[in-house]
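Residue-level listing of the chains:
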Amino acid sequence: VQLQASGGGLVQAGGSLRVSCAASGGTFSNYGMGWFRQAPGKEREFVAAISRTGDSTYYADSVKGRFTISRDNAQNSVNLQMNSLKPEDTAVYYCAAGRTRRATTVPTATYEYGYWGQGTQVTVSS
């Protein structure tokens, strides 16, 4: 499956931004979807994930209550709505897809994802 992320940009602290990921080349509903991010000089970290059906989600503590992940299986897309952004949210955001046996499984570890998008830059100014 191929993943194409979009929607990054520059926003002031406290603002909002939505990043999206379009999938192609596979049966989208077979994949749990996730967002990861990598800031300069830091390792890639988990941000949020959603199950195949969209019924289950999981968030990193650092974004809980501020970010919302959603998916549209009819449109083969997954979105990450980011509110109350902070300068420490600045990073390249990557979407990823991982096959799961159960429809309700929410993959959160990097090794659970076999497909990655190219990343989109999100910069939050103070």
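Residues numbered from 1 in each chain as written. Predicted model: local features only at pLDDT ≥ 70, side-chain atom pairs only at ≥ 80, totals over all residues. Heavy atoms only, no water.

A. Spatial organisation of the pattern of salt bridges. Tallied over the full model, the rule gives four salt bridges. Across the pair Arg 37 and Glu 45 runs a salt bridge, and its minimum N-O distance is 2.6 Å. According to the relative accessible area criterion, Glu 45 is partly exposed, its value standing at 34%. Between Arg 37 and Asp 89 there is a salt bridge; the shortest N-O distance is 2.9 Å. You can see Arg 37 sitting in strand S4 (residues 31–38) and its partner Asp 89 sitting in the loop between strand S8 (77–82) and strand S9 (91–99), a full 52 residues away along the chain. An identical accessibility class is assigned to Arg 37 and Asp 89; each is buried. Salt bridges here are not isolated pairs; linked through shared partners, they connect Arg 37, Glu 45, Arg 66 and Asp 89. (Salt bridge = Lys/Arg side-chain N within 4 Å of Asp/Glu carboxyl O. Buried < 20%, exposed > 50% of the residue type's maximum accessible area, 1.4 Å probe, protein only. Helix = DSSP H or I, 4+ residues; strand = E, 2+ residues; numbered from the N terminus.)

B. Region of interest: the environment of Ser 56. For Ser 56, the position within the fold is in the loop between strand S5 (45–50) and strand S6 (57–59). You can call Ser 56 partly exposed: its relative accessible area is 21%. Measuring from C-alpha to C-alpha, the distance between Ser 56 and Thr 104 comes to 6.1 Å, with 48 residues separating the pair along the chain. The residues touching Ser 56, leaving out its near neighbours within four places in the chain, are Ala 49, Ile 50, Ser 51, Thr 104 and Val 106. (Contact = heavy atoms within 4.5 Å.)

C. Structural context of the pairing of S8. Judged by how many residues are buried, S8 sits mostly within the fold: five of six residues are covered. One ladder, built from six bridges, connects strand S3 (residues 17–24) with S8; its direction is antiparallel. Within S8, the position partnered with Cys 21 by the bridge is Val 78. Pairing of strand S7 (residues 67–72) with S8, which is carried by six bridges, proceeds in the antiparallel orientation. Its bridge partner lying in S8, Asp 72 is registered against Ser 77. (Pairing = 2+ DSSP bridges.)

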